[in-house]
Amino acid sequence: MTNELTAIEFKDSVTLLAQCGGLLHDIGKLTRHFQAKLTAQQYIKDVISHEWISAWIIKHMLELGEGISWTSFVQAWQAWETGVQAFGATLNGLESDRWHPIDDIASPASALLMIVATHHRPFSADKNLPTQKMDPHKVAGMISPSPTQNHLRPEMLSVPLVNEDWHHCNGLLDKNIPGEDWSDLLKEANDNYRKLEKGPSNSPEYWHKAGLVARAALILADHQISAQEFKAGSGPFANTRHGKLNQPLSWHLTEVGKRAAEIAPHLVAATDLPALPNTVRNNFFAMQADPSKQRFKWQHTGSSGLKKIAQKSCNDGYAPQFLIFNTAGTGSGKTRGNMKFLAACRDENEPLRITTGLNLRSLTLQTADSYRNELNLKMDQCACLIGDALTRDLYFNEKQSDPCDADAVLEHYYSSVGCDSPDFLGDLPKWLKNLSPQHKNTPQILIAAPVLVATMDFLVAAGEPNRQADHAHALFRLAHSDLIIDEVDSYDPHSLVAILRLVQLAAMFGRNVVVSSATLSPLIAQYIHLAWRSGTQINKESGSHTVICHTILISDCGKVVSLDETGDSPNWFDRFGEQYRDTMNNIYAEKKQKLRLGQIVDYEPTSLTKTLLTVIETAHVNHCWEMKKSNGNGIKVSIGVVRMANVDPLIKHVELMKSALQKHSGIQIRVCAYHGREVMMRRYIKEQALDSLLKRHGVQGETAPGAHEAIKGIIDQLDDQIEDIAFVVFASPVEEIGRDHDFDWGIIEPSSLHSIIQLAGRINRHRLVDVTNPNIFILNKNIKAARGEKPSFTMPGFQFTDEATGKIQTHLKPSMTYLLTSTKIDSKKMRPLDKGFPIDASLIFSENHRCRFADEDDKGIESTLGKVVAHFSSDNKYWACDWLYLRYPLRDSNQNATWRALVNEHSNGYKLELFEPNNNRHWTDKSCNKHEYECDDMCWLSPSLLDATKKMRAILEVTYHDAPERIDAALKETSQFGTGKDKTTEDIQITWAGVKS
């Protein structure tokens, strides 16, 4: 990088690269094969993709040394036709014998070849390489940066390639003098490329970023132009529309090049996007002075500290860029704090735009609503990307009818809420209004919204070039918005790789990033910092050489700690981890509250139900509260949660518990099941009730649940002699993240230390009163370990098994008496596990209380993340290959089947239908009549399908008013549930506890 390199020059490079790529991206469509394909009656797959041929022609033109001209164009095609048979002969050979467009991405030529060759699909690894089981370091040494698997399909060769099929289409190149359209097109491409060659840098980092951005612009331009209908054109053609030949190829190339050049500058620097006004930003900080909010004083300390650091950097002539770790504890207001911190990082003259990424779709509306209510954001200042429109409508209906603001959770397709008014859309800059018009207004809203709350499923596409238009839209958003990542350690190690890509990209575009979690381990913080550093290095290489980077840790103890001391020392990675660990240890040394005390519980696999009954009674006695029945008599009540790792055992054991309660002579107990394998409408009804009754803020917080009909209705029907009742929720890990619930006590089947601490955060969450008796009971072994199954801490959990040997590498001793013991086993300060030990993040961070479970989880995470370090180097030349993104996706590919249970509202029967998208009707009737198992008096919050259907119909009638067809369609949608793909109607039974399959 030269000292003279500026961001303006980088923008010019990206624009020229995008336009040049657009002008040349489809020249490979000039083959007779492709032109015949356009008019074929059936779809014809390609042995050689047209974009691969485009790259071959471009590279040959450049190698001729005469630039891009009609002469070199003809010569390149002649060379292709002469060599196509030899080209085809290599297809069945080794990957190393095949032609590859590039050896790296470090020059204008390599960047141009990359964006042309990958504008439909990225490169990939050769299918003969066992990439799924190999260390990426090793794979990287065995493949080209432009492997062929996605573009060459030798398995389709039944006979050798026929030369004539791959020759240029009749007539065009036989002319000595080209048509004006082709002459102008090639001249413009050559002019752009010559300017690119004189560009300011040949660093891999520079062309990494330039190629990524230009490719996104090309994809969007290609999609937009291809969607247009062309009247009365002549061949050769680029595409078809409604089965008819559509756009002339020369026109298509010219228009895509022009459009790509219009889009690219805005991807680099869009200065006219809507941002939060200073009046709103100032209001963030005015709230901090409210005396009634002293509990959140740490937020003021944090934002003030950030302002000082930012101001000093500016005074010294630098532009500050921040990575902030917010490790404040449960219930401390991290949601609001994160927004204030990002506002503090930017000068009032800089636009403030923020994106918040969440792991669960159910939290997006809830978080956006919190921003609007608590930070006074208007609907046109905050957009929310959620599931489907039905989710949105139910949520707002619920907001109008339920003062407790319960959250609706119906997961489906993307839909946006907010920033969609005519005024907002009408004021958008012209270039954005014209972006992706074929998608209506959704991309414009997602890019333009000053604040966007979205699921990570949308955002991580920015770091996944294999997702094409989704990638380009998400990249557009990320390039012009600071980023909040909530509960980053709720992702498994494979998913974390996708999150790290997002952090790297945000840093690459000069954005500030807040990573928020009360339990963020030093190891994960190290890898986040690694991804961040690589992104900032790319940013500097692309012109932002005055940037100064700050890594800051903020906690609710009023600490604002700079973690910048590691500098550029060779061992910076380890030094950063030590600095982070020491800081967190000091923070937890100051925390004295005892909100959650733990006790380990032994059991035999054959007597788990009996053990649970005993623990429930003990927990109830120690943590119950008294309320009055309607007749004035008092009764002692408690509400607890039993967290189980997997749904199948959960359903089994909650049903065993219900059966045992029929003969139980102790306190009264009622049970329900809460998990993801449930009919949508029933899960919605359960969550609506739980979210409402488990809000326990204020002086009446302890007894608040007693006023809810789900509790009060049962208690009023009890016999007068009954003095105690415990309400128990058997929950899967869906309870751990994002549910704002306050239980009296909990029982945990452990999967990871993170799962224990997160579930503990749902105990005594709002009331925050010190306890003297254990309120969290942890099974000494999870069910898998108790049965002798190996591995036992996976799905969920971080236990690592070596794929090559099949040997388990971590969590070899699966008992909690071992794993929750301090790593300093000889220390006099070792916590006594049998007397009620604190359950909080000190189990991770405290020097004296850090436990073995934390070490074992870290080993499992390190075993995955350690393999991908090479791919977060700033000069990574493999980023345009899709095998890394396929190997480490945010979520596993959907292996579920979708069913719906349609109830006969005049009986207790239902029929099952399976979603089969290849069937013209989509939904296939798979059974005649099935009957639901009834619940009894031992259950609560367990509506039958019939009752749930009636209740949902009533909700929908209020939501959609006089629209019977819409109501019926929505009712069918909320009747859906998922199972494994191999399940049949005989396998499926819907019970009061959920869907058994």
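One can find the structure itself at the top, above this paragraph.
Right, let's walk through the structure included here. (Residues numbered from 1 in each chain as written. Predicted model: local features only at pLDDT ≥ 70, side-chain atom pairs only at ≥ 80, totals over all residues. Heavy atoms only, no water.)

Here we take up the overall build of the chain. Helix and strand counts for the chain come out as 34 helices and 26 strands. The buried share of the chain, reckoned over its 997 residues, is 60%. In the chain, 77% of the contacts between residues at least 6 apart in sequence involve partners at least 24 apart. Within the structure as shown, the chain displays about 39,200 Å² of accessible surface, and the carbon and sulfur contribution to it stands at 48%. (Helix = DSSP H or I, 4+ residues; strand = E, 2+ residues; numbered from the N terminus. Buried < 20%, exposed > 50% of the residue type's maximum accessible area, 1.4 Å probe, protein only. Contact = heavy atoms within 4.5 Å. Areas by Shrake-Rupley, 256 points an atom, 1.4 Å probe, with all protein chains shown as cover.)

According to the stated counting rule, one finds 21 aromatic pairs in the structure shown. Taking 5.3 Å as the distance between ring centres and 65 degrees as the angle between the ring planes, the aromatic pair formed by W56 and W80 counts as edge-to-face. With a gap of 24 residues between them, W56 in helix α3 (residues 50-63) and W80 in helix α4 (residues 70-89) connect regions that are remote in the sequence. Overall, the relative accessible area of 14% leaves W56 in the buried class. Given the relative accessible area of 1%, W80 is considered buried. Between F793 and F853 the ring centres are 5.5 Å apart and the planes differ by 65 degrees, which places this aromatic pair in the edge-to-face class. (Phe/Tyr/Trp six-rings, centres within 6.5 Å; stacked < 30°, edge-to-face > 60°.)

Turning to the pairing of strand β9 (residues 513-516), a few remarks are in order. By the alternation rule, side chains of β9 split into V513 and V515 and V514 and S516, which are all buried. Bridge count for strand β3 (residues 319-326) against β9 is four bridges, and the pairing is parallel. Within β9, the residue paired with L323 across the bridge is V513. As paired elements, strand β8 (residues 482-486) and β9 share four bridges and run parallel to each other. (Pairing = 2+ DSSP bridges.)

The next point concerns the side chain of Q799. Looking at the secondary structure, you find Q799 in the loop between α28 (783-786) and α29 (816-819). The buried category is assigned to Q799, whose relative accessible area is 9%. A polar atom in the side chain of Q799 sits 3.0 Å from the backbone oxygen of T810. At a separation of 3.3 Å, a polar atom in the side chain of Q799 contacts the main-chain carbonyl oxygen of H811. When near neighbours in sequence (up to four residues on either side) are disregarded, Q799 contacts P791, S792, F793, T794, I808, T810 and H811. (Polar contact = N/O pair within 3.5 Å; in protein donor to acceptor, adjacent residues only side chain to side chain.)

On to a negative patch on the surface, then. Among the surface-exposed residues, E180, D181, D184 and E188 lie close enough to one another that they form a single negatively charged patch. Relative to the helices and strands, D184 is located in helix α7 (residues 180-197). (Patch = residues over 30% accessible without salt bridge, like charges linked within 9 Å, V, L, I, M, F, W, Y side chains within 5 Å. Salt bridge = Lys/Arg side-chain N within 4 Å of Asp/Glu carboxyl O. Lys, Arg positive; Asp, Glu negative; His and termini not counted. Charge placed at Lys NZ, Arg CZ, Asp CG, Glu CD.)

Now for helix α19 (residues 468-479). With 12 residues, α19 ought to run about 16 Å at 1.5 Å a step, and its terminal C-alpha atoms sit 16 Å apart, in line with that. With respect to burial, α19 is a largely interior element, 11 of its 12 residues being buried. All of the buried residues in α19 are Q468, A469, H471, A472, H473, A474, L475, F476, R477, L478 and A479. (Expected span 1.5 Å × (residues − 1).)

Moving on: the pairing of strand β4 (residues 354-358). Among the five residues of β4, five are classified as buried, and the element is accordingly described as predominantly covered. On β4, burial covers both faces: I354, T356 and L358 on one face and T355 and G357 on the other are all buried. By the bridge criterion, five bridges tie β4 to strand β7 (residues 451-455) in an arrangement that is parallel. Counted as the bridge partner of I354 is V451 from β7. Sheet topology places β4 next to β8; four bridges connect them, and they run parallel. Pairing of T355 across the sheet is with L483, part of β8.

Before going further, it helps to spend a moment on the pattern of salt bridges. If you walk through the whole model with that rule in mind, you get 42 salt bridges. Across the pair R953 and D968 runs a salt bridge whose closest N-O atoms are separated by 3.4 Å. A residue pair is termed long-range when its members are at least 10 positions apart, and R953 in helix α33 (residues 945-960) and D968 in helix α34 (residues 964-973) qualify at 15 residues. By relative accessible area, D968 is classed as partly exposed at 36%. By sharing partners, the salt bridges in this structure join R346, E350, D482 and R511 into a single network.

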